[in-house]
Amino acid sequence: MRLLIVEDEIHLASAVAHGLEAEGFSVEVAHDGTEGLQLAREHDYDLIVLDILLPGMNGYKICATLREEGNWVPILMLTAKDGEFDEAEALDTGADDFLAKPFSFVVLVARIRALLRRGRRARPAVLAAGDLTLDPAEHRCRRGEVEIELTPREFSLLEYLMRFAGEAVAKREIVDHVWGEDFEGDPNIVEVYVGYLRRKVDQPFDRNALETVRGIGYRLDADGG
């Protein structure tokens with residue numbers, strides 16, 4: 001199995017590489033984001049261990065770029081200790097798993113082997129609701145031929161509603177899926193982000209696809225005119 005480690009802490013990268021080689025893996029190392037992305041594009045790796053804070057280009061950008069290009073190599077992202085937002089953004093940008101620093105080498109190997117057993121993910125299907133389309137692989141949203149720029153959180157919210165198009169989705173379900181079950185903030189954050197989406201995917205096109213279902217949550221109506 002051929003692995004790529006993208007980590008700018010030279011001693012850590014070296015120690016991990018030697019340990020993984022002792023476990024029978026073939027390992028290459030990059031110490032900055034630009035080199036890491038180049039290697040990921042040029043070679044067919046079985047898995048990438050990717051740090052977030054890197055010179056040249058951060059791990060989020062590398063991960064998002066690979067996914068946009070249709071590269072679905074498994075990615076294990078290294079996050080900060082207690083970095084809940086790091087972990088959430090890692091998954092939002094397309095990482096398959098994350099591990100907080102400092103980490104146990106034994107756990108790292110176990111996570112790597114688990115991801116390798118799963119293999120590469122299939123490219124997600126393009127979602128459609130009327131003339132509104134969402135491509136999770138390329139992280140693109142369109143209304144007809146018009147491309148719409150969405151933040152990662154807006155994209156996750158719209159994707160969840162589109163997967164249940166025509167159905168009423170409870171606000172609590174949306175919070176659990178988009179913000180995580182451990183989210184302890186104000187659940188009305190959903191209303192705020194639905195408002196953001198309406199201003200991007202509905203109002204400029206004179207549509208009302210994102211409906212409020214009183215007492216329950218929200219519904220995406222594909223035919224909302």
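Look up: the structure comes first, before these words.
Residues numbered from 1 in each chain as written. Predicted model: local features only at pLDDT ≥ 70, side-chain atom pairs only at ≥ 80, totals over all residues. Heavy atoms only, no water.

Draft legend 1. How the structure looks around the sheet that holds strand 7 (residues 132-135). Strand order in the open sheet formed by four strands is 6-7-8-9, with antiparallel pairing between adjacent strands. Two strands lie at the open edges of the sheet, namely strand 6 (127-129) and strand 9 (146-148), each paired on one side alone. Direction aside, the axes of adjacent strands within the sheet are offset by 20 degrees on average. Here strand 7 pairs with strand 8 (residues 140-143) via four bridges, running antiparallel. Opposite Thr133, over in strand 8, you have Arg142 as the bridge partner. The strands that helix 6 (residues 152-163) touches are strand 6, strand 7 and strand 8; relative to strand 7, the one it contacts most, it runs at about 115 degrees. Of the strands in this sheet, strand 7, strand 8 and strand 9 are in contact with helix 8 (residues 189-202), which crosses strand 8 at around 55 degrees. (Pairing = 2+ DSSP bridges. Helix = DSSP H or I, 4+ residues; strand = E, 2+ residues; numbered from the N terminus. Axes fitted to C-alpha atoms, helices over the stretch in contact; angles between N-to-C directions. Contact = heavy atoms within 4.5 Å.)

Draft legend 2. Quick peek at the sheet that holds strand 2 (residues 26-30). One open sheet accounts for five strands, arranged 2-1-3-4-5; its pairing is parallel. With partners counted over all chains shown, the strands left at the sheet margins are strand 2 and strand 5 (97-100), one partner each. Taken pair by pair, the neighbouring strands of this sheet meet at an average axis angle of 20 degrees, ignoring direction. Here strand 4 (residues 75-79) runs beside strand 5; their pairing, made up of four bridges, is parallel.

Draft legend 3. Representation of helix 5 (residues 105-118) in the model. A rise of 1.5 Å per residue sets the reference length of helix 5, with its 14 residues, at 20 Å; its end C-alpha atoms lie 20 Å apart and thus fit the reference within 8%. Among the residues making up helix 5, those that are buried are Leu108, Val109, Ile112, Leu115 and Leu116. Buried residues of helix 5 fall within an arc of 130 degrees about the axis and therefore sit on the same side. Helix 5 presents Val106, Arg117 and Arg118 as exposed residues on the side facing more than 90 degrees away from its buried surface. (Expected span 1.5 Å × (residues − 1). Buried < 20%, exposed > 50% of the residue type's maximum accessible area, 1.4 Å probe, protein only. Arc of directions from axis to C-beta.)

Draft legend 4. Summary view of the environment of Glu21. Structurally, the position occupied by Glu21 is in helix 1 (residues 10-22). Along the chain, Glu21 and Ala128 lie 107 residues apart, while their C-alpha atoms are 45 Å from each other.

Draft legend 5. How the structure looks around the packing of helix 1 against helix 5. Two elements in contact, helix 1 and helix 5, have axes separated by 11 Å at closest approach and are oriented at 60 degrees. Judged by the angle between their axes, helix 1 and helix 5 are oblique. With respect to the hand of their crossing, helix 1 and helix 5 are arranged in right-handed fashion. For the pair helix 1 and helix 5, contact is made by Val16, Gly19 and Leu20 and by Phe105, Leu108, Val109 and Ile112, respectively. The class makeup of the residues in the contact of helix 1 with helix 5 is six nonpolar, one polar and no charged. (Parallel < 35°, antiparallel > 145°, perpendicular 65-115°, else oblique. Left-handed = near helix turned anticlockwise from the far one by under 90°. Nonpolar A, V, L, I, M, F, W, Y, C, P; charged D, E, K, R; others polar.)

Draft legend 6. Examining the environment of Thr133 more closely. Residue position: Thr133 is located in strand 7. For Thr133 and Glu69, which are 64 residues apart along the polypeptide, the C-alpha to C-alpha distance reads 18 Å. Excluding residues within four positions of it along the chain, Thr133 makes contact with Val126, Leu127, Ala128, Arg140, Cys141, Arg142 and Met162.

Draft legend 7. Focus on unusual backbone geometry. In this model, Lys101 is joined to Pro102 through a cis peptide bond whose omega is -10 degrees. For Pro102, the location among the structural elements is in the loop between strand 5 and helix 5. Residue Asp206 is not a glycine yet carries a positive backbone phi of 55 degrees. As for its position among the elements, Asp206 is in the loop between helix 8 and strand 11 (210-213). When its relative accessible area of 64% is taken as the criterion, Asp206 is described as exposed.

Draft legend 8. The environment of Asn58, seen in detail. Within the secondary structure layout, Asn58 lies in the loop between strand 3 (47-51) and helix 3 (59-68). By relative accessible area, which is 34% here, Asn58 ends up partly exposed. Separated by 25 residues in the primary sequence, Asn58 and Gly33 have C-alpha atoms spaced 5.9 Å apart. Of the polar contacts made by the side chain of Asn58, one reaches the backbone nitrogen of Lys61; its length is 2.8 Å. (Polar contact = N/O pair within 3.5 Å; in protein donor to acceptor, adjacent residues only side chain to side chain.)

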